Amino acid sequence: MADGQWQRVQRLDAEWAAGELERLAGVTLVVEGPCGGGEVGAAFVRWEDGRRSVLKWRPDIRLEELERGPLAVVDVLREAGYPAPRTELAVQVGTAVVTVQELMPGATVAELTPELLDQVLVLNELQAGRLAGSAVPQLPLYLQTDGPGFCFHEPLKQRDARTAALERRIAAVELETLVGDDAIHVDFHPGNLLQTDGRITGVIDWDGAGRGHRGFDLVTLRFGVRGPITERLDGLLDELPYDVLRAAWAHMSLRMVDWAIRHFPAGEVDYWVDLAEQRI
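The rules we used
- Residues numbered from 1 in each chain as written.
- Predicted model: local features only at pLDDT ≥ 70, side-chain atom pairs only at ≥ 80, totals over all residues.
- Heavy atoms only, no water.
- Helix = DSSP H or I, 4+ residues; strand = E, 2+ residues; numbered from the N terminus.
- Contact = heavy atoms within 4.5 Å.
- Pairing = 2+ DSSP bridges.
- Salt bridge = Lys/Arg side-chain N within 4 Å of Asp/Glu carboxyl O.
- Buried < 20%, exposed > 50% of the residue type's maximum accessible area, 1.4 Å probe, protein only.
- Phe/Tyr/Trp six-rings, centres within 6.5 Å; stacked < 30°, edge-to-face > 60°.
- Lys NZ or Arg CZ within 6 Å of the ring centre and 35° of its normal.
- Expected span 1.5 Å × (residues − 1).
- Axes fitted to C-alpha atoms, helices over the stretch in contact; angles between N-to-C directions.
- Parallel < 35°, antiparallel > 145°, perpendicular 65-115°, else oblique.
- Left-handed = near helix turned anticlockwise from the far one by under 90°.

**Some thoughts on the side chain of Thr-201**
Positionally, Thr-201 belongs in strand E11 (residues 199–203). Ignoring any residue separated from it by four or fewer positions in sequence, one finds Thr-201 in contact with Pro-83, Met-104, Pro-105, Gly-106, Leu-194, Gln-195 and Thr-196.

**Points about the sheet that holds strand E10 (residues 193–196)**
Here 3 strands make up an open sheet; going across it, the order is E6-E10-E11 and the pairing antiparallel. If you trace the sheet from one side to the other, it starts and ends with strand E6 (107–108) and E11, each paired once. Where E10 lies against E11, 4 bridges are found, and the strand directions are antiparallel. Across the sheet, Gln-195 pairs through a bridge with Ile-200, a residue of E11.

**Some thoughts on the pattern of salt bridges**
If you walk through the whole model with that rule in mind, you get 22 salt bridges. Across the salt bridge formed by Arg-23 and Glu-20, the nearest N and O atoms sit 2.6 Å from each other. Within this pair, Arg-23 and its partner Glu-20 are both found in helix H1 (residues 14–25), separated by 3 residues, close to a single helical turn. A residue is classified by how much of its surface remains accessible, and Arg-23, at 58% relative accessible area, is exposed. By relative accessible area, Glu-20 is classed as buried at 15%. Between Arg-169 and Glu-277 there is a salt bridge whose closest N-O contact spans 3.7 Å. Remark: Glu-277 occurs in the segment after helix H10 (269–276) and Arg-169 occurs in helix H6 (residues 161–171); sequence separation between them is 108 residues. One continuous salt-bridge network, built from bridges that share partners, spans Asp-49, Arg-51, Arg-86 and Glu-88.

**As for the packing of aromatic side chains**
Under the defined criterion, the tally for this structure stands at 4 aromatic pairs. Sitting above the plane of the Phe-44 ring, Arg-52 keeps its charged end 5.0 Å from the centroid. Of note, Arg-226 hangs over the ring of Tyr-271, and the distance from its end group to the ring centre comes to 3.7 Å.

**Looking at helix H9 (residues 242–263)**
Between its first and last C-alpha atoms H9 spans 31 Å; for 22 residues at 1.5 Å apiece the expected length is 32 Å, and the two agree. Among the 22 residues that make up H9, 19 are buried, leaving the element largely enclosed by the rest of the structure.

**Description of the packing of helix H4 (residues 114–126) against helix H8 (residues 229–238)**
Two elements in contact, H4 and H8, have axes separated by 11 Å at closest approach and are oriented at 25°. Between H4 and H8, the angle falls in the class roughly parallel. For the crossing formed where H4 meets H8, the hand is right-handed. Taken together, the residues of H8 that come into contact with H4 (itself represented by Pro-114, Leu-117, Asp-118 and Leu-121) are Ile-229, Arg-232, Leu-233 and Leu-236.

Structure follows, in structure tokens:
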């Protein structure tokens, strides 16, 4: 099957979502326009009092699941002083949840410098042990089964012999969840980091957050950066427990190669396969 024939992820229709919030919650929001970046989409909105926020949409989830998972993770971290956005409104809309979140200050990190990485590592330390005794579920890895809209195995199996072999190595990592009590962002890359004048002012897009080992976010970060900073990150990954590194790397390999096959130009897939094969 050609890469372009695989199902792509649904994207946010901001006007529709705002209309549903008005219908179901009586809240009137003016859609100002899309936020930059992201694969599912987010939009800037304005409340009646002029305050600005971010409108988001998470398909195929119940509000209760979001509340005991990602929203609970953010609440715990915010109490510890972590710069994560407050959820101002969350409404079940059919099989999806529409949220309105605090607009955090700063601009997206264009390049992860050593100075910014130092700040990232401080934040990563802040995530340690925050969910001990919590009801937040352990992070599922989807190494043998498909994830909810991502981590699909079939695109790797069918694209070519190389990706099929990669999928077999991924599936051989027999770990269903990433055990631990750390808060995990799950999509921790520079596009979700905000900075002002070299200072990180926000970490956004916690929709998939869960509980496990915070080293997972460093592996995710490694998949999201290029250039000289990768050498330092690779050194940090070498210090992680072997089972954590192997499982997290397998997950990110599956996630990014599958996503590239289904959403990126065909010529970009080999880059992600090359990266995945470095450690699995």
